[in-house]
Amino acid sequence: MELRIIAELPRWRKAGVCLRDYYYFLLTKEQKALYLTLRKYMGYQRIHHNATVPDIHAAVKALLLDCPELCFFEGKWGYRDNLVYPLYVLPSHSACQLTTEVKRISEQFSDRSYPRQVYDWMLAQIEYCTASANSQNAYGALLQRQAACKGIAKGYQLLMRERNINCILVEGTLDGQMNHVWNMILYEGCWTHVDVTMGYPCFWPLAESADAYGGYCRTLKELSASHKVYHPEILPAETQKR
């Protein structure tokens, strides 16, 4: 994916809009057009677009980071004769089931300390599991209640957006070896890191924490001993310490 500074972000932030297309703004003009086409027609067996393979890679990558509700698509696709053939892991109606469940879960919590309440709920209700067929998507996290870091982060992203809290996915490594995904949220005027996975007891030693909150509302500096971001230059600036 082409990496560029996101000049549009301050305008979105001041307007108080929930930014649901963060990684879209990193794309070229051609990639943005493909991203929008894929998002509109995702669920179809084939999608027509005259695009290069690198542009498809970039648009699909951004779409997966921006749209956790597309739980039936995990990024595999074929391409022939200007047709993109997405490979689906779930029926497309699973997205409707997921939307319903997100609303149901969100209604349990008050606005006060909502990100913390969701963090606690996910640790209590979702089993950390890498073997589940849907461990990498939000459907596995919120409906099947079994997921790994990516599925957990996507579930958290959806629950934040349900209350119009800006929330994006962050990709990097954990403990210098395994690929890892977590979140950043814009809450009370501050962009901060939230890694629900670090709240599971098996990860406490990496968080250098004696409780479940080693991954809650942390700066990147505080996470630096265990977390490395692939492209820190494209992340929102941490505007203040929590």
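Our subject is the structure that appears above.
Residues numbered from 1 in each chain as written. Predicted model: local features only at pLDDT ≥ 70, side-chain atom pairs only at ≥ 80, totals over all residues. Heavy atoms only, no water.

Caption draft 1: Broad picture of unusual backbone geometry. Not every positive phi belongs to a glycine, and Ser113 is a case in point at roughly 55°. Along the chain, Ser113 turns up in the loop between α4 (94-106) and α5 (114-125). Located in the positive-phi region is Asn164, a residue other than glycine, with phi close to 60°. If you trace the backbone, Asn164 turns up in the loop between α7 (149-162) and β6 (166-174). Relative accessible area serves as the criterion here: at 54%, Asn164 is assigned to the exposed category. (Helix = DSSP H or I, 4+ residues; strand = E, 2+ residues; numbered from the N terminus. Buried < 20%, exposed > 50% of the residue type's maximum accessible area, 1.4 Å probe, protein only.)

Caption draft 2: Highlighting the packing of α5 against α7. As a packed pair, α5 and α7 sit with axes 11 Å apart at the nearest point and diverge in direction by 145°. Crossing angle aside, the handedness with which α5 passes α7 is right-handed. Of the residues in α7, those touching α5 at Tyr114, Pro115, Val118, Tyr119 and Met122 are Ile152, Gly155, Tyr156, Leu159 and Met160. In terms of residue class, the contact of α5 with α7 is made up of nine nonpolar, one polar and no charged. (Axes fitted to C-alpha atoms, helices over the stretch in contact; angles between N-to-C directions. Left-handed = near helix turned anticlockwise from the far one by under 90°. Contact = heavy atoms within 4.5 Å. Nonpolar A, V, L, I, M, F, W, Y, C, P; charged D, E, K, R; others polar.)

Caption draft 3: Expanded view of the nonpolar core. Core analysis: the largest hydrophobic core is formed by 77 residues, its most contacted members being Tyr23, Leu38, Met122, Ile126, Leu142 and Tyr156. The element best represented in this core is helix α3 (residues 53-66), accounting for eight residues. (Core = buried A, V, L, I, M, F, W, Y, C linked by side-chain atoms within 4.5 Å.)

Caption draft 4: Representation of the pairing of strand β3 (residues 83-88) in the model. Where strand β1 (residues 47-48) and β3 come together, two bridges link them in antiparallel fashion. Residue pairing for β3: Ile47 is matched across the bridge by Val84. Bridge count for strand β2 (residues 73-80) against β3 is five bridges, and the pairing is antiparallel. Looking across to β3, one finds that Phe73 is bridged to Tyr88. What sits between β2 and β3 in their antiparallel hairpin is a turn of two residues, with Asp81 showing a positive phi close to 50°. (Pairing = 2+ DSSP bridges.)

Caption draft 5: Inspection of the pairing of strand β8 (residues 190-194) at higher detail. Among the five residues in β8, five count as buried, and that is most of the element. Alternating residues of β8 divide into Cys190, Thr192 and Val194 and Trp191 and His193, and every residue in both groups is buried. Relative to β8, strand β7 (residues 178-187) runs antiparallel, the two being bridged by five bridges. In the sheet register, Met184 faces β8, and the bridge partner there is His193. In sequence, β7 turns back onto β8 through a hairpin of two residues, with Glu188 there showing a positive phi of about 55°.

Caption draft 6: Fine view of the sheet that holds β3. Reading across the sheet, the three strands line up as β1-β3-β2 and stay open at both edges, with antiparallel pairing between neighbours. Looking at strand neighbours, the two that pair on one side only are β1 and β2, the edges of this open sheet. Together, β2 and β3 form the strand contacts of α3, whose direction differs from that of β2 by roughly 160°.

Caption draft 7: Fine view of the environment of Lys154. Structurally, the position occupied by Lys154 is in helix α7. Since its relative accessible area comes to 8%, Lys154 is described here as buried. With 19 residues separating them in the primary sequence, Lys154 and Ser135 have C-alpha atoms 11 Å apart.

Caption draft 8: Highlighting the packing of aromatic side chains. If you walk through the whole model with that rule in mind, you get eleven aromatic pairs. Arranged with centres 5.4 Å apart and planes meeting at 65°, the rings of Phe72 and Tyr88 form a pair that is edge-to-face. You can see Phe72 sitting in the loop between α3 and β2 and its partner Tyr88 sitting in strand β3, a full 16 residues away along the chain. Their ring planes at 70° and their centres at 6.3 Å tell us that Phe73 and Tyr88 sit as a pair that is edge-to-face. In this pair, Phe73 is assigned in strand β2 and Tyr88 in strand β3, connecting sequence segments 15 residues apart. A relative accessible area of 2% places Phe73 in the buried class. An aromatic cluster is built from Tyr24, Phe25 and Tyr35, whose rings are joined through pairwise contacts. Over the aromatic face of Tyr216 sits the side chain of Arg116, whose NZ or CZ is 5.8 Å from the ring centroid. (Phe/Tyr/Trp six-rings, centres within 6.5 Å; stacked < 30°, edge-to-face > 60°. Lys NZ or Arg CZ within 6 Å of the ring centre and 35° of its normal.)

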